[in-house]
Amino acid sequence: MTAFDAAKEYQHWLDQPHLPAQMRDELKSLTDEAEIRDRFGADLDFGTGGLRGVMGAGLNRMNIYTVRRATAGLALHLQAQGEDAVKAGVAIGYDCRHHSQLFAEIAACTLAAYGIRAYVAPLLCPTPELSWTVRRLQAAAGIMITASHNPPKYNGYKVYNRHGGQLLEADADDIKARMASFSDIFQVPSLTRDEAEAKGLLQTVSANVRAAYVETVVRELRDPRLGDERKQLAVVYTPLHGTGNVPVREALRLAGYERVALVASQVEPNGDFPTVKSPNPEEGEALSLGCQLADEVGADLVMGTDPDADRVGIAARDKTGQLKLLTGNQVGALLVDYMCGRLQTGDQKGQPPIVFKTIVTSDFGRAIAQSHGVAVEETLTGFKYIGDRITAYEASGSYRLLVGYEESYGYLLAPIVRDKDAVQGCLAIAEMTAYHKARGETLFDVLERLYGQFGWYGEKLVNVELSGSDGVERMKRALQALREQPLQVDGLQLMAVEDYLSGERRYIADGKTERLTLPTSDVQKFLFAGGHWAAIRPSGTEPKMKMYVGVRGNSASERDDVLNRIVETLRRRVAD
């Protein structure tokens, strides 16, 4: 972030003669100096995830001016790549949030000012569909206007590369540097929509592109072992007021699912997300209405996607017939087992298969994949790293994707896109559930069987907020203290410490070190004997840390005991 004289910038905005009336009124209503400092004391930072922030007037807010400047940075980035990149253009998608469609148009008109054609989605669309569109149109880049599962007041701006994957650090840093050349945010060039369309630089993506995306998802993921079994599976689906409604329902229909009930109050897109506290499928409350409907209609499976339909949460019946939520780690492991099972029946496609997981995702899926002779590779947290590895292996012909997943409910099974994909996820989960149901098993029966075979895996994510004005400094001190004195847990033997900031793994017994192969990131991971681990990383500039714990026990009780001991020890260390 760049620091600014907040009062001076605030007045500069008020002095703009063409400032929209609503924005001017918003600024005039500001009386709190702290609020003015927050809005104008720094700009909205552009990171590898692009922009994300509260909507409103100000340098540190999502608005037409911050979107315009980010797009100008992207335009200059593409121009630097040469004429081919400029001619290839940029695909733009947007979700259901307030101002998403407006921000998409602003981005398109800014690109047009630089002579770069924009292909804008005709309707709101899921994030994975934007990735598909980039690849389908062979565009040089993509822009997705979304804030994923954040509260209604947020919006965001994600940039994708020509492969359809989110930007990695080098490209993001280049765009950020080019954005900095605009010292006055109001001087960023832009055309009107009419001007852009007249020059052929703003075009609407054909509806055939979405149709092809859904049809390809079905063709890639439909299980050849299933037939009428699909008609026996009863599903409840909710898009949580987001973009998944049309593509998810269409994928299920084309695959042959006839018993799909919808949560009526959550079907229509609505940026206020009025029926949920948070449109986040990681939180059980988001699926509560879906579970109620499932009990009413006797459904086997509940699925809910987040606003931009790149993540899916589920609930399924256990052996007693009760609906229970599954974690992202559990679903990921089940998908690995299911897709490995498909390999055994001849569902193979050339190159050797590979499973991708992040360093903070459970090792359960790894154990399952390796038992089938399937390669497993870890990446840093963030699906952009998984997407990048898929592209690299596709280019070399070394491996093909079988499953890529994160603990945060993101899954990818067909490499037709380069981001997590809840449309794919919903269809694959339905296929998996139908397959096991036809054999007399629930997903929880399968989990119990896998636990018995590979061990009782358990995981927990804990967010620790350090409130107060010194919160960021306390966070830094806590992280440094763990570097100086590694985490020790009573009854567990610490084997090694991985520090992704220094890029080094250090073994405790003899002090030997070796280089880590993954990119630099402020993550520490503590590896204990028995397959247990803990990881911790900061959340940007906020005084908040994310703690991940994974364990493997010989029983459910042992698993839970070790999990709780590690979590509590880590909490104490952070609080000290």
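Here the residue numbers are simple positions, counted from 1 along each chain's written sequence. Predicted model: local features are reported for residues with pLDDT of at least 70 only, side-chain atom pairs are reported and counted for 80 or more only, and whole-chain, interface and lining totals are derived from all residues. Side-chain measures here rest on the full set of heavy atoms in the structure, leaving out hydrogens and waters.

Focus: the pairing of strand β22 (residues 544-553)
Logical step 1: The cut-offs for exposure are 20% and 50% of the maximum accessible area for each residue type, with area from a 1.4 Å probe on protein chains only; residues under the lower value are buried, those over the upper are exposed, and the others partly exposed. The numbering of helices and of strands both runs from the N terminus, where a helix is a DSSP run of H or I of at least 4 residues and a strand a run of E of at least 2. Of all ten residues that make up β22, seven are buried, and the element is covered over most of its length.
Logical step 2: Strand pairing is defined by DSSP finding a minimum of two bridges between the two strands. One ladder, built from ten bridges, connects strand β16 (residues 456-465) with β22; its direction is antiparallel. Bridging from a neighbouring strand, Tyr 457 pairs with Arg 552 of β22.
Logical step 3: Relative to β22, strand β21 (residues 532-538) runs antiparallel, the two being bridged by six bridges. Along β22, the bridge assignment pairs Ile 536 with Met 547.

Concerning the pattern of salt bridges
Pairing of side chains with opposite charge becomes possible as their charged atoms draw close.
Logical step 1: One speaks of a salt bridge when a side-chain nitrogen belonging to Lys or Arg is within 4 Å of a carboxyl oxygen belonging to Asp or Glu. With the rule as written, the count across this model stands at 39 salt bridges.
Logical step 2: The shortest N-O distance in the salt bridge between Arg 225 and Asp 223 comes to 2.9 Å.
Logical step 3: Put simply, Asp 228 and Lys 231 hold a salt bridge, and the shortest N to O gap is 3.9 Å.
Logical step 4: Using a relative accessible area of 38% as the deciding quantity, one classes Lys 231 as partly exposed.

Description of helix α15 (residues 383-396)
Logical step 1: The terminal C-alpha atoms of α15 lie 20 Å apart, and with 14 residues this matches the ideal 20 Å at 1.5 Å per residue to within 8%.
Logical step 2: The complete set of buried residues in α15 reads Phe 383, Lys 384, Tyr 385, Ile 386, Gly 387, Ile 390, Thr 391 and Tyr 393.
Logical step 3: Here, residues are in contact when the closest pair of their heavy atoms is within 4.5 Å. Summarising the contacts, the buried residues of α15 are in contact with α8 (169-179), β12 (353-358), β13 (375-379), β14 (400-406) and β15 (410-412).
Logical step 4: Gly 397 sits one or two positions beyond α15 and adopts a positive phi of about 75°. Each residue after the first adds 1.5 Å to the expected span of a helix.

Comments concerning the sheet that holds strand β2 (residues 90-94)
Logical step 1: Pairing is mixed across the open sheet formed by six strands, whose spatial order is β1-β5-β4-β2-β3-β6. Edge positions in the open sheet fall to β1 (51-54) and β6 (202-204), since each of these has one partner strand only. Geometrically, the sheet is characterised by an average inter-axis angle of 20° between neighbouring strands, direction not taken into account.
Logical step 2: Across three bridges, the pairing between strand β3 (residues 118-120) and β6 is parallel. Bridging from a neighbouring strand, Val 120 pairs with Thr 204 of β6.
Logical step 3: Packed onto the sheet, helix α6 (residues 100-113) meets β2, β3, β4 (141-145), β5 (154-160) and β6 and runs at close to 165° relative to β2.
Logical step 4: Here helix α7 (residues 127-137) sits on the sheet and contacts β2, β3, β4 and β5; the angle it forms with β4, its principal contact strand, is near 160°. Under this scheme, a helix contributes an axis fitted over its contacting stretch, all axes are lines through C-alpha atoms, and angles between N-to-C directions fall in the 0 to 180 degree range.

Digging into the packing of helix α4 (residues 64-81) against α8
Logical step 1: One way to put it is that α4 packs onto α8 with a least axis distance of 8 Å and a crossing angle of 115°. Handedness of the crossing formed by α4 with α8: right-handed. Contacts between α4 and α8 involve Arg 69, Ala 70, Gly 73, Leu 74, Leu 76, His 77 and Ala 80 on the former and, on the latter, Asp 171, Asp 174, Ile 175, Arg 178 and Met 179.
Logical step 2: Amino acids outside the nonpolar list (Ala, Val, Leu, Ile, Met, Phe, Trp, Tyr, Cys, Pro) and the charged list (Asp, Glu, Lys, Arg) are all regarded as polar, and Gly is one of them. Looking at side-chain class alone, the contact of α4 with α8 contains six nonpolar, two polar and four charged residues. Note on convention: the crossing is left-handed when the near helix lies turned anticlockwise from the far helix by less than a right angle, right-handed when the turn is clockwise.

Focus: the packing of aromatic side chains
Logical step 1: Any Phe, Tyr or Trp ring, taking Trp's six-membered ring, that has another such ring centre within 6.5 Å forms a pair; planes under 30 degrees apart are called stacked, those over 60 apart edge-to-face, and the others tilted. Inspection of every chain in the model, using the stated rule, returns twelve aromatic pairs.
Logical step 2: On the basis of an interplanar angle of 70° and a centroid distance of 5.0 Å, the ring pair of Trp 13 and Phe 186 is categorised as edge-to-face. A residue pair is termed long-range when its members are at least 10 positions apart, and Trp 13 in helix α1 (residues 6-14) and Phe 186 in the loop between α8 and α9 (193-198) qualify at 173 residues. For the residue pair Trp 13 and Phe 186, the accessibility class agrees, reading buried in each case.
Logical step 3: Seen from their ring centres, Tyr 451 and Trp 456 are 4.9 Å apart, and the 20° between their planes marks the pair as stacked.
Logical step 4: According to the relative accessible area criterion, Tyr 451 is buried, its value standing at 5%.
Logical step 5: Note on Trp 456: relative accessible area 18%, which makes it buried.
Logical step 6: A connected cluster of aromatic rings, assembled from ring pairs, spans Tyr 10, Trp 13, Phe 40, Tyr 65 and Phe 186.
Logical step 7: Our definition puts a charge over a ring when NZ of Lys or CZ of Arg is within 6 Å of the ring centre and also within 35 degrees of the ring normal. Cation over ring: Lys 324 sits above Phe 444, and NZ or CZ is 4.8 Å from the ring centre.

What to know about the nonpolar core
Logical step 1: Residues Tyr 257, Met 303, Ile 314, Val 355, Phe 364 and Ile 429 are the most contacted members of the largest nonpolar core, which totals 77 residues.
Logical step 2: Considering every element that reaches this core, the biggest residue donor is helix α16 (residues 422-438), with ten residues.
Logical step 3: Among the nonpolar cores identified, the runner-up in size contains 69 residues, and Tyr 65, Val 90, Ala 104 and Ala 118 belong to it. Put simply, a nonpolar core is a bunch of buried Ala, Val, Leu, Ile, Met, Phe, Trp, Tyr and Cys residues held in one set by side-chain atoms that sit within 4.5 Å of each other.

A short note on the side chain of Ser 100
Logical step 1: Along the chain, Ser 100 falls in helix α6.
Logical step 2: Here Asp 95 takes part through its side chain, which lies 2.7 Å from a polar atom of the side chain of Ser 100.
Logical step 3: Excluding its chain neighbours within four sequence positions, the residues that come into contact with Ser 100 are Tyr 94, Asp 95, Ile 145 and Asn 155. Polar contact criterion, stated in full: a pair of N or O atoms within 3.5 Å, where within protein one must be able to donate a hydrogen and the other to accept it, and residues adjacent in sequence count only if both atoms are side-chain atoms.

Description of the environment of Ser 557
Logical step 1: By the element assignment, Ser 557 lies in helix α19 (residues 556-575).
Logical step 2: With a relative accessible area of 53%, Ser 557 lands in the exposed category.
Logical step 3: Distance from Ser 557 to Trp 456, taken between C-alpha atoms, is 9.1 Å for residues 101 residues apart in sequence.

With respect to the packing of α1 against helix α3 (residues 33-40)
Logical step 1: In contact at an axis separation of 9 Å, α1 and α3 are set at 80° when each is read in the N-to-C sense. In terms of axis orientation, α1 runs roughly perpendicular to α3. In contact with Ala 6, Glu 9, Tyr 10 and Trp 13 of α1, α3 contributes Ile 36, Arg 37 and Phe 40.
Logical step 2: Among the residues forming the contact of α1 with α3, the class breakdown is five nonpolar, no polar and two charged. Reported orientations rely on four angle classes, namely roughly parallel under 35 degrees, roughly antiparallel over 145, roughly perpendicular from 65 to 115, and oblique for the rest.

What about the sheet that holds strand β10 (residues 312-317)?
Whenever strands of a sheet pair, they do so through backbone hydrogen bonds, lying parallel or antiparallel.
Logical step 1: Within the open sheet, the five strands sit side by side as β8-β7-β9-β10-β11. Their pairing is mixed. Each having just a single partner strand, β8 (260-262) and β11 (323-325) make up the two edges of the open sheet. Averaged over all neighbouring strand pairs, the angle between strand axes comes to 25°, with direction disregarded.
Logical step 2: Bridge count between β10 and β11: three bridges; the pairing is antiparallel. Within the sheet, the bridge partner assigned to Ala 315 lies in β11 and is Leu 325.

Here's the deal with the environment of Pro 486
Logical step 1: Along the chain, the position of Pro 486 falls in the loop between α18 (471-484) and β17 (494-499).
Logical step 2: Classification of Pro 486 by relative accessible area gives buried; the value is 13%.
Logical step 3: For the pair Pro 486 and Ile 508, spaced 22 residues apart in the sequence, the C-alpha separation amounts to 9.7 Å.
Logical step 4: Residues contacting Pro 486, with those up to four places away along its chain left out, are Leu 494, Val 497, Arg 506, Phe 526 and Arg 573.

Concerning α8
An α-helix turns once per 3.6 residues; consequently, residues spaced three or four apart project the same way.
Logical step 1: Those residues of α8 that fall on the buried side of the exposure criterion are Ala 172, Ile 175 and Met 179. Projected onto a plane normal to the axis of α8, the buried residues spread over an arc of 65° and lie on a single side. Among the exposed residues of α8, those oriented more than 90 degrees off its buried face are Ala 170 and Asp 173. An arc is given here, and it is the one of the directions from the helix axis to the C-beta atoms.

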